[in-house]
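Geometric and topological summary
What follows is each chain in one-letter form.
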Amino acid sequence: MEILVFLGPPGAGKGTQAKRLAEIGGYTHLSTGDLLREEVKRGTDLGRQAKSYMDKGELVPDDLVIKILISNMSSDGKYILDGFPRTISQAERMEELGLRPERVLLFNVPEEVAVERISYRRVCPKCGAVYHLKYMKPKEDELCDRCKVKLIQRDDDREEVVRNRYRVYLEKTAPLIKYYSDKGILVEIDATKGPDEILSELLKILGISDER
Ligand code: AP5
């Protein structure tokens, strides 16, 4: 099993890069945010419980998140964990379960960049593709390139919720920077750069040949 962890504030570009890297490097991309949103969409019990936290920009309780993550992993895969762990206790639980990350990639962006990226983010309600109305525009006005359906804004992408998500990140998730740095597996990335430049840097760090 091989595990990479993508760490960083909301809007840093973790999901965008995880999708690209997964395709090139043969990883399975597991975003706990996406998995939770899927449960909400399906109206499951877990989804209903998670929604009340997500709508406020608060973290969903560890037990729910770990349950959903584990049910999507097998013992021999190659994974990019995007948005997990998000607290020291999640990181410790992960290790108790024998899930040890090889590398933790920290996507560094200041709050204003993150908020600007999120306020122009639109997603496809059908396939989950992510766009940015300035930097990663759909070919036709607010329509998904693949599905041709109208793009939507995520429920938790309203500015006041985004600010709270950033505050929660600083308080609960940022302590993981020292935690993984002390283990010698943290690599910092300047995520204010353009998407292609960031992908090249990731491929270089991971020793994967760039065949784009
Ligand atoms: P989650 O879905 O994980 O949200 P997040 O971490 O806040 O991250 P985002 O999806 O907002 O941002 P991203 O870094 O992936 O950026 P993206 O690539 O889309 O979590 C949502 C909620 O679920 C949480 O608040 C919590 O309630 C719950 N949750 C999830 N995991 C949990 C856990 N482990 N424990 C407890 N609760 C949990 O990019 C953003 C925008 O910028 C896009 O429009 C994109 O097109 C654009 N963009 C990307 N890269 C660039 C670039 N280089 N230059 C310009 N624009 C760019």
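What comes next is a walk through the structure.

Rules and cut-offs
Residues numbered from 1 in each chain as written. Predicted model: local features only at pLDDT ≥ 70, side-chain atom pairs only at ≥ 80, totals over all residues. Heavy atoms only, no water. Near = heavy atom within 4 Å. Polar contact = N/O pair within 3.5 Å; in protein donor to acceptor, adjacent residues only side chain to side chain. Areas by Shrake-Rupley, 256 points an atom, 1.4 Å probe, with all protein chains shown as cover. Helix = DSSP H or I, 4+ residues; strand = E, 2+ residues; numbered from the N terminus. Nonpolar A, V, L, I, M, F, W, Y, C, P; charged D, E, K, R; others polar. Core = buried A, V, L, I, M, F, W, Y, C linked by side-chain atoms within 4.5 Å. Buried < 20%, exposed > 50% of the residue type's maximum accessible area, 1.4 Å probe, protein only. Contact = heavy atoms within 4.5 Å.

Here we take up the site of the ligand. Taken together, 36 residues sit near the ligand, with Thr16, Glu58, Arg86, Arg121 and Arg165 positioned nearest. Between an oxygen atom of the ligand and a main-chain N or O atom of Gly13, the distance comes to 3.0 Å. Residue Thr16 places a side-chain N or O atom 2.5 Å away from an oxygen atom belonging to the ligand. In isolation the ligand exposes 1000 Å². Once the protein is present, 97% of that is buried. Listing elements by their share of the shell around the ligand, those giving two or more residues are helix 1 (14-25), helix 2 (32-42), helix 6 (111-119), strand 6 (130-132) and helix 9 (195-206). In terms of residue count, helix 2 provides more of the shell around the ligand than any other element does, four residues in total. Taken together, the residues of the shell around the ligand sort by class into 16 nonpolar, ten polar and ten charged.

Residues Leu36, Met73, Leu81, Met94 and Tyr180 are the most contacted members of the largest nonpolar core, which totals 31 residues. Ranked by residue count, the leading element in this core is helix 4 (residues 62-70), at five residues. Apart from residues no more than four positions distant in its own chain, Met94 is found in contact with Ile3, Val5, Leu81, Phe84, Pro85, Leu99, Pro101 and Tyr180. The next biggest cluster of nonpolar side chains, apart from the first, holds 20 residues, and it includes Ala18, Tyr27, Tyr166 and Leu199.

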